[in-house]
Amino acid sequence: MKAVILAGGLGTRISEETDLKPKPMVEIGGMPVLWHIMKIYSHYGINDFIICLGYKGYVIKEYFANYFLHMSDITFDMKNNEMQVHHKSAEPWRVTLVDTGAETMTGGRLKRVKSYLDEEDFCFTYGDGLSDVNISELIQFHKTQKKLATLTAVIPRERFGVLELEGHKIKQFKEKPRGDGSWINGGFFVLSPKVIDYITDDTVTWEQEPMHHLAENGQMNAFFHEGFWQPMDTLREKKMLENLWTTNKAPWKVW
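Calculation rules
- Residues numbered from 1 in each chain as written.
- Predicted model: local features only at pLDDT ≥ 70, side-chain atom pairs only at ≥ 80, totals over all residues.
- Heavy atoms only, no water.
- Buried < 20%, exposed > 50% of the residue type's maximum accessible area, 1.4 Å probe, protein only.
- Helix = DSSP H or I, 4+ residues; strand = E, 2+ residues; numbered from the N terminus.
- Arc of directions from axis to C-beta.
- Contact = heavy atoms within 4.5 Å.
- Phe/Tyr/Trp six-rings, centres within 6.5 Å; stacked < 30°, edge-to-face > 60°.
- Salt bridge = Lys/Arg side-chain N within 4 Å of Asp/Glu carboxyl O.

Any details on helix α7 (residues 209–216)? Residues and values, ideally.
Every buried residue of α7 is listed here: P210, M211 and L214. Angularly, the buried residues of α7 cover 95° about the axis, an arc narrow enough to put them on a single face. The elements touched by buried residues of α7 are β10 (149–154), β13 (184–185), β14 (189–191) and β15 (220–224). Of the residues one or two after α7, G218 is the one with positive phi, at around 70°.

Dropping the structure here:
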């Protein structure tokens, strides 16, 4: 099974990090968040990736072009113009990088990679969200439901802590509790290639017409995930994810 990852957005809400790189290349623990997402899928045996490029896509191309060198010890013999690689380390990944346009919407990006897909169902997610969702269970749920699309439904945490008050007196401070109980789209989809027929052109946003029409036609189910899920939309969230990683408390590190 293949996994398609959206990696072409501007990341305007985390512009402190994205002036020089696309958001999926913002680092958590010294590695791009895109790498973390791919490691999650790889843990569940999915190693064939299609990455939808857009804003500064060349940065992602250069990263993978040099990935083997990044992950290995190397001796450069300048005098003899030779390179010796030691302790070779590489992932079992096949990565297809597709330029899907700087201004293309999320649905349009998916439509543009249609020729790189086959008739098999595939995974699809965003290049900025981390989770400990069990991908194998998600795929199995999708297969048993026999619908065209399955999304992972999550309950987000509040962005800020909540005060429990009694008049002006603060009785308790709750650090980032879960939200109001409403389930939202957490990404980590499993899709039939037939969903691409719901997308007309580059201007289509996946989360709007295609998803609405799939739901209206009874072709989209939710896989409920009550575990960890966190997008990296702001610098605050980036720092929070960084702290989880550096303190060895990263729930998404399932590998």
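From this point on, the discussion continues.
Summarise the packing of aromatic side chains; cite the residues concerned and give the values.
Summed over the entire model, instances satisfying the criterion amount to 17 aromatic pairs. An aromatic cluster of at least three residues, connected via ring pairs, comprises Y41, F49, Y63, F64, Y67, W93 and F188.

Go over the pattern of salt bridges, please, and point to the residues and values.
A complete count under the given rule lists seven salt bridges for this structure. The partner of K23 in a salt bridge is D128, with the nearest N and O atoms 2.7 Å apart. Taken together, the residues span a long stretch of sequence, with K23 in the loop between α1 (15–18) and β2 (27–28) and D128 in the loop between β8 (122–126) and β9 (129–131) at a distance of 105 residues. By relative accessible area, D128 is classed as buried at 16%.

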